[in-house]
Amino acid sequence: MTNILFTIIVALGMKVVDVTFSPTYYMITYQDGQREEVVVTKDNDICPHYCGIDHAHKVNFCEGGDCSPINESFVISKYKADNNTFNLYCKGKEIMLFEQIERVKPSNKKKKGNSVKLF
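Residues numbered from 1 in each chain as written. Predicted model: local features only at pLDDT ≥ 70, side-chain atom pairs only at ≥ 80, totals over all residues. Heavy atoms only, no water.

What about the overall build of the protein?
Spelled out, the test is: Helix numbers and strand numbers start at the N terminus; a helix is a DSSP run of H or I with at least 4 residues, a strand a run of E with at least 2. Summary of the burial criterion: residues with accessible area below 20% of their type's maximum are buried, those above 50% are exposed, and those between are partly exposed, where the area comes from a 1.4 Å probe applied to protein chains only. Two residues qualify as a contact provided that any one of their heavy atoms is within 4.5 Å of a heavy atom in the partner residue. Using a 1.4 Å probe, the Shrake-Rupley method yields the accessible areas, and only the shown protein chains count as cover for residues.
Across its full length, the protein holds one helix and six strands. Ordered by position from the N terminus, the helices and strands of the protein form the series α-β-β-β-β-β-β. The 119 residues of the protein split such that 23% are buried. Look at the contacts in the protein between residues 6 or more apart in sequence, and 32% of them connect residues 24 or more apart. Accessible surface for the protein amounts to roughly 9900 Å². Of this, 56% is attributable to carbon and sulfur atoms.

This is the structure:
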């Protein structure tokens, strides 16, 4: 009985750790209608300004006047407007919608092609 209880506790603990440390994906919609999938990182591991690969780009947040690389890299900058609201910018473009999305994890199941097993 204690083995089953221990197994359940370990399994629930693994799920909590997975949810806590897994990256959070967001869909950015710019003011011009362009959409882009990003993942927010907490360190300096961001995509460079010339990144043209089709993947969820790694971005960082910065606030106020310390957002110097706004036009050349994947940094989401937060600027406070006069009417006590804030605007978000990435790559020099204003973000209209910033929403969290659930990313579908690919399954590891191999697809069986049009082959026939002979032996």
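Here's the deal with the packing of aromatic side chains
A ring pair, where both rings are aromatic, is described by two values, the distance of the centres and the angle of the planes. As a reminder, the rule being used: The criterion for an aromatic pair is that two Phe, Tyr or Trp rings (for Trp, the six-membered ring) have centres within 6.5 Å, with stacked assigned to planes under 30 degrees apart, edge-to-face to planes over 60 apart and tilted to the rest. Working rule: Lys NZ or Arg CZ, within 6 Å of ring centre, within 35 degrees of ring normal, means a charge sits over the ring.
The final tally for this structure, using the stated rule, is one aromatic pair. For the pair Tyr-26 and Phe-98, a centre-to-centre distance of 4.7 Å together with 15° between the ring planes defines the contact as stacked. One end of the pair, Tyr-26, is in strand β1 (residues 25–30); the other, Phe-98, is in strand β6 (residues 93–101), and 72 residues separate them in sequence. Its relative accessible area of 18% is what places Tyr-26 among the buried residues. The ring of Tyr-30 has Lys-93 lying over it, and the distance from NZ or CZ to the ring centre is 4.4 Å.

With respect to the sheet that holds strand β2 (residues 35–40)
For the record, the criterion: Strand pairing is assigned whenever DSSP identifies at least 2 bridges connecting the two strands. Inter-axis angles, ranging from 0 to 180 degrees, are taken between N-to-C directions of lines fitted to C-alpha atoms, where helices are fitted over the stretch in contact.
A barrel is described by the order of its strands in space; here six strands give the closed sequence β1-β2-β3-β4-β5-β6, paired in mixed fashion. The sheet shows a mean angle of 45° between the axes of neighbouring strands, direction not considered. Across four bridges, the pairing between strand β4 (residues 75–80) and strand β5 (residues 86–90) is antiparallel. Across the sheet, residue Lys-78 finds its bridge partner in β5, namely Leu-88.

A word on the nonpolar core
Counted only if it meets this: Put simply, buried Ala, Val, Leu, Ile, Met, Phe, Trp, Tyr and Cys residues joined by side-chain atoms within 4.5 Å make one nonpolar core.
Grouped together as the largest cluster of nonpolar side chains are twelve residues: Tyr-26, Ile-28, Tyr-30, Val-38, Cys-47, Cys-51, Val-59, Phe-74, Ile-76, Leu-88, Cys-90 and Ile-95. For this core, the secondary structure elements donating two or more residues are β1 and β5. A total of three residues in this core trace back to one element, the largest contributor, which is β1. Leaving out residues up to four positions away in the same chain, Tyr-26 has contacts with Glu-36, Glu-37, Val-38, Val-40, Phe-98, Glu-99, Gln-100 and Ile-101.

A look at the confidence of the model for the protein
Low pLDDT means the predicted atomic positions in that stretch should not be read closely. Here is the rule: Confidence of the prediction at every residue is given by pLDDT, a number between 0 and 100.
For the protein, per-residue confidence averages 76 on the pLDDT scale, and 76% of positions sit at 70 or higher. Across the protein, the secondary-structure element scoring lowest on mean pLDDT is β4, at 78, and the one scoring highest is β1, at 88.

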